[in-house]
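One letter stands for each residue in the lines below.
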Amino acid sequence: QGTRVINLSLGTASDFSVVRDAVSYAASRGVILVAAAGNENGSPVLYPAAYSQVVAVGSVGSSDGVSSFSNAGAELDLVAPGENILSTALAGGSHVAYEAASGTSFAAPYVAGIASLVASRFPSLLPSQIQDLLEDQADKLPGMGGQTFHPSYGSGRVSGARAVAIHASWESQSSHPRLIA
């Protein structure tokens, strides 16, 4: 149907074939998949975020520390704000109210939104190239100890400003061409 980005604010510890097949189907059609890493306090990244075709997103708070509930591991790709996010909620029947909520399900939409902006700006990029760009342009946070990857932070906090402002010049690195600033 022309969808470029899907946010999956859901997760399970089990590798269900129906979820794996749906992820494979979407990825094979050029869809960028972004999913919440899970809220089990450092446990392994949940599925579907644990699949290699999915951008796995953990949570950080306002001081850029990893949220106490955020899952971690080698599959984690990025982090985004996920604490005290103003959200809509049902309050007494059909009335809608706003309340602050926390979780990696609130962090993943930040990354999905920025991935959508990048896909709009650079429509010829493959999902893997967009993921590479988001990871390359992520803010490296103090808790990462100077590393380019940390199991609790992934490649860092997603940076929409840098990801969309990057110049469209190409450089061949590893197996993917990458955009460089």
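Above this text is the structure in question.
For every chain, the first residue of the written sequence is number 1, and numbering continues from 1 along that sequence. In keeping with the predicted nature of the model, local features appear solely for residues at pLDDT of at least 70, side-chain atom pairs appear and are counted solely at 80 or more, and the whole-chain, interface and lining totals rest on all residues. Only hydrogens and water are removed before side-chain values are computed, so all heavy atoms of the structure are retained for them.

Here we look at the environment of G156
For step 1, the next point in the chain: Following the sequence through the fold, G156 ends up in the loop between α3 (127-136) and α4 (160-165).
For step 2, the next point in the chain: Sequence separation between G156 and T12 is 144 residues; the distance between their C-alpha atoms is 23 Å.
For step 3, the next point in the chain: Those residues in contact with G156, other than ones at most four positions away along the chain, are D77, L78, V79, A138, D139 and M144. Under the DSSP-based scheme used, a helix requires at least four consecutive residues in state H or I and a strand at least two consecutive residues in state E, with every element numbered from the N terminus. Contacts were defined at the residue level, with two residues in contact if any of their heavy atoms lie within 4.5 Å.

Focus on α3
For step 1, the next point in the chain: α3 sits mainly inside the fold: 7 of its 10 residues count as buried.
For step 2, the next point in the chain: Q129, I130, Q131, D132, L133, L134 and E135 are the residues of α3 that are buried. Each residue gets one of three labels from its accessible area relative to the maximum for its type: buried under 20%, exposed over 50%, partly exposed in between, using a 1.4 Å probe on protein chains only.

What to know about the packing of helix α2 (residues 104-121) against α3
For step 1, the next point in the chain: For helices, the fitted axis covers only the stretch in contact; all axes are lines through C-alpha atoms, and the angles between them, taken along N-to-C directions, range from 0 to 180 degrees. In contact at an axis separation of 10 Å, α2 and α3 are set at 115 degrees when each is read in the N-to-C sense. Between α2 and α3 the crossing geometry is right-handed. Only I130, L133 and L134 of α3 make contact with α2, whose side of the interface consists of V111, I114, A115, V118 and A119.
For step 2, the next point in the chain: In this classification, Asp, Glu, Lys and Arg are treated as charged, Ala, Val, Leu, Ile, Met, Phe, Trp, Tyr, Cys and Pro as nonpolar, and every other residue, Gly included, as polar. Taken together, the residues of the contact of α2 with α3 sort by class into 8 nonpolar, no polar and no charged. When the near helix sits turned anticlockwise from the far one by under a right angle, the crossing is termed left-handed; a clockwise turn instead gives a right-handed crossing.

Some remarks on the packing of aromatic side chains
For step 1, the next point in the chain: Each Phe, Tyr or Trp ring (for Trp, its six-membered ring) is paired with any other whose centre lies within 6.5 Å, and the angle between the two planes then decides the class: stacked below 30 degrees, edge-to-face above 60, tilted in between. The full count for this structure, using the stated rule, is 1 aromatic pair.
For step 2, the next point in the chain: When the ring of Y47 is compared with that of Y51, the centres are 5.0 Å apart and the planes differ by 50 degrees; the resulting orientation is tilted.
For step 3, the next point in the chain: The class of Y51 is buried, set by a relative accessible area of 9%.

What to know about the pattern of salt bridges
For step 1, the next point in the chain: The salt bridge definition used is simple: a Lys or Arg side-chain nitrogen within 4 Å of an Asp or Glu carboxyl oxygen. A complete count under the given rule lists 4 salt bridges for this structure.
For step 2, the next point in the chain: With a shortest N-O distance of 3.2 Å, D15 and R20 are connected by a salt bridge.
For step 3, the next point in the chain: Note that R157 and D139 form a salt bridge whose closest N and O atoms lie 2.6 Å from each other. Here R157 is found in the loop between α3 and α4, whereas its partner D139 is found in the loop between α3 and α4, with 18 residues between them in sequence. This pair shows no difference in class: R157 is buried, exactly as D139 is.
For step 4, the next point in the chain: Among the charged side chains, a salt-bridge network with shared partners connects D64, D139, R157 and R162.

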